[in-house]
Amino acid sequence: QVQLVESGGGLVQAGGSLRLSCAASGRTFSTYYMGWFRQAPGKEREFVAAISWSGGSTYYSDSVKGRFTISRDNFKNTVYLQMNSLKPEDTAVYYCAATGYHSQYNLGRSDEYDYWGQGTQVTVST
């Protein structure tokens, strides 16, 4: 099994920055991709970003591209989401997730991920 624990959420004004962390434990080498999703009240869970095991490949939703950066430190078993130029529409609960082995991946779909953290709240005020 893989356990994921998010941290770093909080309250920030529009234009500010936050860095989220996701600490992984357990059978971490069974994770092929790590990702971040978010869910706001009344909305579906949406894809934010993903990263390969090596960190060499990254993917972003159009809504955050150029503002957010995903990275990972395999030595520390931690994935990060650096969020800059935050907007009120970024307000959501942010979830860390990990895939197991799949023959192919559709990283934008939440049902492609096998492991999930409990989430951390990000609130961006006007």
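In the block above lies the structure referred to throughout.
Reference entry: report on the structure contained in this document. Everything numeric here is computed off the predicted structure, so don't read it as measured data.

**A few points about the overall build of the chain**
So, point 1. Of the regular secondary structure elements, the chain holds zero helices and 11 strands.
So, point 2. For 126 residues, the compact-globule formula gives about 14 Å, and the C-alpha radius of gyration of the chain, at 14 Å, lands near that figure.
So, point 3. Across its three principal directions, the C-alpha atoms of the chain cover 40 × 25 × 25 Å.
So, point 4. Within the span of the chain, comprising 126 residues, buried residues form 43% of the whole.
So, point 5. Look at the contacts in the chain between residues 6 or more apart in sequence, and 57% of them connect residues 24 or more apart.
So, point 6. Accessible surface computed for the chain: about 6800 Å², of which carbon and sulfur atoms make up 46%.
So, point 7. Taking the average location of the 11 positive side-chain charges in the chain and that of its 10 negative ones, the two points are 5 Å from each other.

**Examining the pattern of salt bridges**
So, point 1. The final tally for this structure, using the stated rule, is five salt bridges.
So, point 2. A salt bridge links Asp 90 to Arg 38; the shortest N-O distance between them is 2.9 Å. Taken together, the residues Asp 90 in the loop between β8 (78-83) and β9 (92-98) and Arg 38 in strand β4 (residues 33-39) connect sequence positions 52 residues apart.
So, point 3. Classification of Arg 38 by relative accessible area gives buried; the value is 5%.
So, point 4. Between Asp 111 and Arg 109 there is a salt bridge, with the nearest N and O atoms lying 2.8 Å from each other.
So, point 5. You can call Arg 109 partly exposed: its relative accessible area is 44%.
So, point 6. If you follow the salt bridges from partner to partner, you end up with Arg 38, Glu 46, Arg 67 and Asp 90 in one network.

About the thresholds
- Residues numbered from 1 in each chain as written.
- Predicted model: local features only at pLDDT ≥ 70, side-chain atom pairs only at ≥ 80, totals over all residues.
- Heavy atoms only, no water.
- Helix = DSSP H or I, 4+ residues; strand = E, 2+ residues; numbered from the N terminus.
- Rg over C-alpha atoms; globule rule 2.2 N^0.38 Å.
- Buried < 20%, exposed > 50% of the residue type's maximum accessible area, 1.4 Å probe, protein only.
- Contact = heavy atoms within 4.5 Å.
- Areas by Shrake-Rupley, 256 points an atom, 1.4 Å probe, with all protein chains shown as cover.
- Lys, Arg positive; Asp, Glu negative; His and termini not counted.
- Charge placed at Lys NZ, Arg CZ, Asp CG, Glu CD.
- Salt bridge = Lys/Arg side-chain N within 4 Å of Asp/Glu carboxyl O.

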